[in-house]
Amino acid sequence: MPPPYSVIPSSAAIGETVTVGAKDSECDPRYGENAEINVTVTDAGGKRIISTTAPMNDAGVFTYSFQLPTNATPGEAAVEAYPHDVD
């Protein structure tokens, strides 16, 4: 399992920067030197507004920041982050 991740801030307005990140996993997952994290954000209207990969280290550490797009539907969004292309 990937380490727990955080979303900071927990509430943001259009154009504000949001950061998704995780610290080292305690289970020593060994994701590899070219590991990536898949990050998706779905807005309150059910539209996927972010879908990308970002670098992740062997132990699961990653940080990905983005600006909340102008086309995002206001309300509660869903953020997912999970290792990309892992067996």
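Read on for an overview of the structure.

Scoring rules and cut-offs
Residues numbered from 1 in each chain as written. Predicted model: local features only at pLDDT ≥ 70, side-chain atom pairs only at ≥ 80, totals over all residues. Heavy atoms only, no water. Pairing = 2+ DSSP bridges. Helix = DSSP H or I, 4+ residues; strand = E, 2+ residues; numbered from the N terminus. Axes fitted to C-alpha atoms, helices over the stretch in contact; angles between N-to-C directions. Core = buried A, V, L, I, M, F, W, Y, C linked by side-chain atoms within 4.5 Å. Buried < 20%, exposed > 50% of the residue type's maximum accessible area, 1.4 Å probe, protein only. Contact = heavy atoms within 4.5 Å.

**As for the sheet that holds strand E4 (residues 48–55)**
Phase 1: Across the sheet, three strands lie side by side as E4-E3-E6; this open sheet has antiparallel pairing. A strand with exactly one partner marks an edge of an open sheet, and here the two such strands are E4 and strand E6 (78–83). Taking each pair of neighbouring strands and ignoring which way they run, the sheet shows an average axis angle of 15°.
Phase 2: With six bridges joining them, strand E3 (residues 36–42) and E6 adopt antiparallel strand pairing. Of the residues in E6, the one forming a bridge with Val39 is Ala81.

**Digging into the nonpolar core**
Phase 1: Ile37, Phe62 and Phe66 are the most contacted members of the largest nonpolar core, which totals 18 residues.
Phase 2: For Ile37, the residues in contact, after removing those within four places along its chain, are Thr52, Thr53, Ala54, Pro55, Met56, Phe62, Ala81, Tyr82, Pro83 and His84.

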